[in-house]
Amino acid sequence: MSGSEGLKAAEGEGTGHSPTQAQEKPANGVAGLKHWRHDMTAGLLVSLISLPLSLGIAVASGAPPIAGLFSAIIAGLLLPFLGGSYVTISGPAAGLAPVLLAAMLTLGRGDLATGYPLLLVVISIVGVIQIVLSALKAARFSAIFPAAVVEGMLASIGLMIIAKQLPNFLGAKYHAHEFFEYFAETPAAFRHMQPRVFGLGVVCLALLFALGSRRAGSLRKIPPQLTVVVLGIVLGRALGLGDGALIHLPDQILGHGIVLPNFTGLFGDPALWGAALAAVVTLTMVDGVESLATAQAIDKIDPFRRKSSPNRVLFSMGALNIASSLAGGLTIIPGGVKSKACIVGGGRTLWANFYNALFLLFFLFVARPLIGMIPLAALAAILIHTGYKMSEPAVWRHVGRIGREQLGLFTITVVATLLTDLLIGIGVGIVAKLALNLAFAARGEGPFEAIAKAPGHLAALFRSPVAGASVEGGSYHVRFDGPLVCFNSLPVNRALAAIPRQADRLFLHFQEGVTVIDHTTCENLIHFAEEFEHSGRGAAEFVGMELLGRLSDHESCTRIRQINLPGPVAPRPSRAILGDLWGGLPILSAASALQGLAMDEAIKDAFDEQPVHADHPRGVLVRLGMVPVDRYVRHPEGDLAAFSLQQRDPRGVDYASAPDAERARPIM
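Residues numbered from 1 in each chain as written. Predicted model: local features only at pLDDT ≥ 70, side-chain atom pairs only at ≥ 80, totals over all residues. Heavy atoms only, no water.

Colleague: Let's hear about the overall build of the protein chain: which residues, and what values?
Modeller: On a plain count of helices and strands, the protein chain comes out with 25 helices and 15 strands. Taken across its 668 residues, the protein chain has 54% of its residues classed as buried. Of the contacts made within the protein chain by residues no fewer than 6 positions apart, 74% connect residues no fewer than 24 positions apart. With an accessible surface of roughly 28,000 Å², the protein chain has 62% of that area assigned to carbon and sulfur atoms. (Helix = DSSP H or I, 4+ residues; strand = E, 2+ residues; numbered from the N terminus. Buried < 20%, exposed > 50% of the residue type's maximum accessible area, 1.4 Å probe, protein only. Contact = heavy atoms within 4.5 Å. Areas by Shrake-Rupley, 256 points an atom, 1.4 Å probe, with all protein chains shown as cover.)

Structure follows, in structure tokens:
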């Protein structure tokens, strides 16, 4: 399953474990075998979900259906010996199906049968690279990907899954290869579809949505995928569907079911190297990001609150990809839906994967004729439902609630991916994120000034924002004094990982140099603070974050220290604010804009005049954090402009007309 499903699993319902159970933390390896009853029960439940999903993912990837089962079986048998996580269930991934299909068609020059053995070589190379990256501790670099871009990537994958399942859902032949081509061809496909196939697919899809609703009650305890497969078999027999509309498994599974990688064909044809390189890069990136995202999401709902090891997860996925490809299987990643089913079923260790594989082997060799009765339309319905859950309107609304700028990044990534491919789409999303951060840094600057300062602003996004860390008594203080964005998250993570064991309080200080905290970093900091407190080590506090303006009401929204935001201030009827002093000045266009700012710099930029620090009979108190300072600036014409900050309401006060007159209005 995909990483987005893993993220959804983190928001799932209760797991059925009692608080007392959570006190003991089961271990992997030999020590975990004592939990065999729990893991075997969970393995059976997972296998009932894994069977139809593995078959459907293989079909969606353009591979023989048996390849999906081989992948799930190999992953299940080997993962308990590799480790990395605790209750994740690994196997073929729906999120990688569009990438695999596109690579297979490219390598095979349009012929899936030719492209599949070549794709297996690519998968084995990806596995080797993942093992090398794990040795280099490269899993930490997954933190630099913007959250909105990753969500956009997963949503676009969901849409591609839907589009590429239309042929099996309608029972019609398509000539399309790209996303928009599928929908352009669909009106004509409806005229040539098989009504019985389409009707079966519609019933199965409707049942999936019905079983997924809360009104399904006790029916939700049965895996919806299993229910749909059983119904599909019954309807397929009743409708008399032909062999072309059903799953096909070879009669001799070991003799004719295994496809070996064609190393000679790939390495001996230089014309394929470019396509192979693109596939390797894309699969390495998407497989790695999804694997780590899903493992972290499942950590959040693990009733024993155990933490996976990102680099070990990467190593395990690399080893599994090599083993799977050598046996004719697909790419392997942890699956969100199957992992949550494992937890709900009482699974406690990675041995649940092993039992899942044993049950799949039983189904494969004992129930092969029954598997051959599964309609392709039923599997298409399962995958269309999966794709919908990855890209449904609720996902877009969730991103929009975090912030409009996040929704913009999300949308740009989705559109760019659907118009091109995953690799380019991710690249476009990252570039858009960089441009957004530069715009935040350059707010209030003129076009030429912004261009001149762009290199410095860009460098600041990659420079360490950690100004220092110290232990004071039993408290650990980390001070940030630069932009906090996903691109410079590595030194932030290092500073947080260095908290001494004896520290019973954590203070994160956001100093004046912190001009922006992006959503990705904000979410990570909040999660880290929650985990620190939940571990029982003590309390965690953010000092100074409240002085930054929020871009939405969401807890992990982007926060900006607002200086000279764009948008001219409407003129007031006073000669002190006309002409050179205030006319059209783009200063302080949001509430709390003065909070925590370097006031001297703000006033100097606005008035081209150095502020004077002194007591003045008409001076107005300004608070910078906890330090009260009188600040005012004298205009060349003699008019005095003073500033005050009263709670969250910046006010400009004009004393120019009369010394005893005090007229003020909010500058919003």
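Colleague: Provide a residue-level description of the sheet that holds strand β6 (residues 516–517), including the pertinent values.
Modeller: The strand order across the open sheet formed by three strands is β6-β9-β8, and the pairing between neighbours is antiparallel. This sheet does not close on itself; its edge strands, each paired only once, are β6 and β8 (549–550). Note: β8 against strand β9 (residues 559–560), two bridges, orientation antiparallel. Considered in β9, the bridge of Gly 549 is made with Ile 560. (Pairing = 2+ DSSP bridges.)

Colleague: Account for helix α9 (residues 195–212), naming residues and giving values.
Modeller: Under the 1.5 Å per step criterion, the end-to-end length of α9 is 26 Å for 18 residues, consistent within 8% with the ideal 26 Å. Along α9, the residues classified as buried are Val 197, Leu 200, Gly 201, Cys 204, Leu 205, Leu 208 and Leu 211. Across the axial projection of α9, the buried residues extend over an arc of 130 degrees, all falling on one side. Of the surrounding elements, those touching the buried residues of α9 are α7 (166–170), α10 (224–239) and α18 (376–391). (Expected span 1.5 Å × (residues − 1). Arc of directions from axis to C-beta.)

Colleague: An account of the sheet that holds strand β7 (residues 539–543) is requested, with residue identities and associated values reported.
Modeller: On the basis of which strands lie adjacent, the open sheet formed by four strands has the order β3-β4-β5-β7 and mixed pairing. Edge positions in the open sheet fall to β3 (466–472) and β7, since each of these has one partner strand only. Each strand axis lies, on average, 15 degrees off the axis of its neighbour in the sheet, ignoring direction. As judged from the six bridges shared by β3 and strand β4 (residues 475–480), these two strands associate in the antiparallel manner. Within β4, the position partnered with Ala 469 by the bridge is Val 478. Strands in contact with helix α24 (residues 519–534) are β5 (505–510) and β7; relative to β7, the strand with the most contacts, it is inclined by about 150 degrees. (Axes fitted to C-alpha atoms, helices over the stretch in contact; angles between N-to-C directions.)

Colleague: If you had to explain a nonpolar patch on the surface to someone new, which residues and values would you point to?
Modeller: Together, Leu 254, Ile 258, Leu 260, Phe 362, Phe 365 and Val 366 give the surface a local cluster of nonpolar side chains, amounting to about 630 Å² of exposed area. Counting residues per element, the nonpolar patch draws most heavily on helix α16 (residues 351–366), at three residues. The exposed category is assigned to Leu 260, whose relative accessible area is 56%. (Patch = residues over 30% accessible without salt bridge, like charges linked within 9 Å, V, L, I, M, F, W, Y side chains within 5 Å. Salt bridge = Lys/Arg side-chain N within 4 Å of Asp/Glu carboxyl O.)

Colleague: Please give an account of the pattern of salt bridges that cites residues and values.
Modeller: Pairing between side chains becomes possible if they bear opposite charge and their charged atoms approach one another. Throughout the structure, instances matching the rule amount to nine salt bridges. Here Glu 449 and Lys 453 are joined by a salt bridge, their closest N and O atoms 2.9 Å apart. Taken as a pair, Glu 449 and Lys 453 lie in helix α22 (residues 447–462) at a separation of four residues, close to a single helical turn. Close ionic contact of Arg 505 with Glu 541 constitutes a salt bridge, the shortest N to O distance being 2.1 Å. Of the two residues, Arg 505 sits in strand β5 while Glu 541 sits in strand β7, which places them 36 residues apart along the sequence. Arg 505 sits in the partly exposed class, given a relative accessible area of 29%. Residues joined by salt bridges that share partners form a network here, namely Arg 305, Lys 307 and Glu 531.

Colleague: Please set out the state of the cysteines residue by residue, giving values where relevant.
Modeller: By the definition in use, this model includes zero disulfides. In this model Cys 557 remains outside any disulfide bridge; the closest cysteine sulfur is found in Cys 522, 6.3 Å from its own. A relative accessible area of 0% places Cys 557 in the buried class. (Disulfide = S-S within 2.5 Å.)

Colleague: An account of the packing of aromatic side chains is requested, with residue identities and associated values reported.
Modeller: All chains considered together, the criterion is met by 15 aromatic pairs. With 6.2 Å between their ring centres and 85 degrees between their planes, Phe 354 and Tyr 355 make a pair best called edge-to-face. Plain terms: the ring middles of Phe 362 and Phe 363 are 6.0 Å apart, the flat faces sit at 65 degrees to each other, and that makes the pair edge-to-face. Of the aromatic side chains, those joined through ring pairs into one cluster are Phe 81, Trp 351, Phe 354 and Tyr 355. (Phe/Tyr/Trp six-rings, centres within 6.5 Å; stacked < 30°, edge-to-face > 60°.)

Colleague: Quick rundown of the packing of helix α6 (residues 147–164) against helix α8 (residues 179–191)? Include the residues and the values.
Modeller: When two helices pack together, their arrangement is captured by the angle between the axes and the distance separating the axes. It is at 9 Å that the axes of α6 and α8 come closest, and there the two elements cross at 35 degrees. As α6 runs across α8, the sense of the crossing is left-handed. Along its contact with α6, which presents Leu 159, Met 160, Ala 163 and Lys 164, the element α8 presents Phe 179, Tyr 182 and Phe 183. When grouped by side-chain class, the residues that make up the contact of α6 with α8 number six nonpolar, no polar and one charged. (Left-handed = near helix turned anticlockwise from the far one by under 90°. Nonpolar A, V, L, I, M, F, W, Y, C, P; charged D, E, K, R; others polar.)

Colleague: A description of the pairing of β4 should follow, citing residues and the corresponding values.
Modeller: The buried count for β4 comes to five of six residues, which makes it a mostly enclosed element. Where β4 lies against β5, six bridges are found, and the strand directions are parallel. Counted as the bridge partner of Tyr 476 is Leu 506 from β5. Read as a crossover between parallel neighbours, the route from β4 over helix α23 (residues 489–497) to β5 is right-handed. (Right-handed = clockwise from strand over helix to strand, strands pointing away.)

Colleague: Kindly report on the side chain of Asp 302, identifying the contributing residues and their values.
Modeller: With respect to the helices and strands, the residue Asp 302 is situated in the loop between α13 (273–301) and α14 (310–326). A polar contact is formed between the side chain of Asp 302 and the side chain of Arg 306, at a distance of 2.9 Å. With sequence-adjacent residues up to four places away left out, Asp 302 is seen in contact with Tyr 86, Val 87 and Ile 343. (Polar contact = N/O pair within 3.5 Å; in protein donor to acceptor, adjacent residues only side chain to side chain.)

Colleague: Report on unusual backbone geometry, specifying residues and quantitative values.
Modeller: The phi torsion at Arg 109 lies on the positive side, around 55 degrees, for a residue other than glycine. Looking at where Arg 109 falls in the secondary structure, it is placed in the loop between α4 (97–107) and α5 (112–135). Arg 109 gets classed as exposed once you look at its relative accessible area, which sits at 58%.

Colleague: Give a description of the environment of Val 87 that names residues and reports values.
Modeller: Tracing the sequence through the fold places Val 87 in the loop between α3 (65–82) and β1 (89–91). Given the relative accessible area of 3%, Val 87 is considered buried. Along the backbone, Val 87 and Ala 295 are 208 residues apart, and their C-alpha atoms lie at a distance of 8.9 Å. Residues in contact with Val 87, not counting those within four places in the same chain, are Ile 298, Asp 302, Arg 306, Ser 339, Cys 342, Ile 343, Gly 347, Arg 348, Thr 349 and Leu 350.

Colleague: Can you lay out the pairing of β5 for me, pointing to particular residues and giving the numbers?
Modeller: Where a strand is regular, its side chains alternate between the two sheet faces. For β5, a buried count of five out of six residues is recorded, marking the element as mostly surrounded by other parts of the structure. Note: β5 against β7, five bridges, orientation parallel. Of the residues in β7, the one forming a bridge with Arg 505 is Ala 539.

Colleague: Provide a residue-level description of the environment of Thr 106, including the pertinent values.
Modeller: Mapped onto the secondary structure, Thr 106 falls in helix α4. In this structure the C-alpha to C-alpha distance between Thr 106 and Leu 119, which are 13 residues apart in sequence, comes to 9.6 Å. There is a polar contact of 2.9 Å between the side chain of Thr 106 and the backbone oxygen of Ala 102.

Bear in mind that shape data such as this cannot, by itself, settle questions of function.
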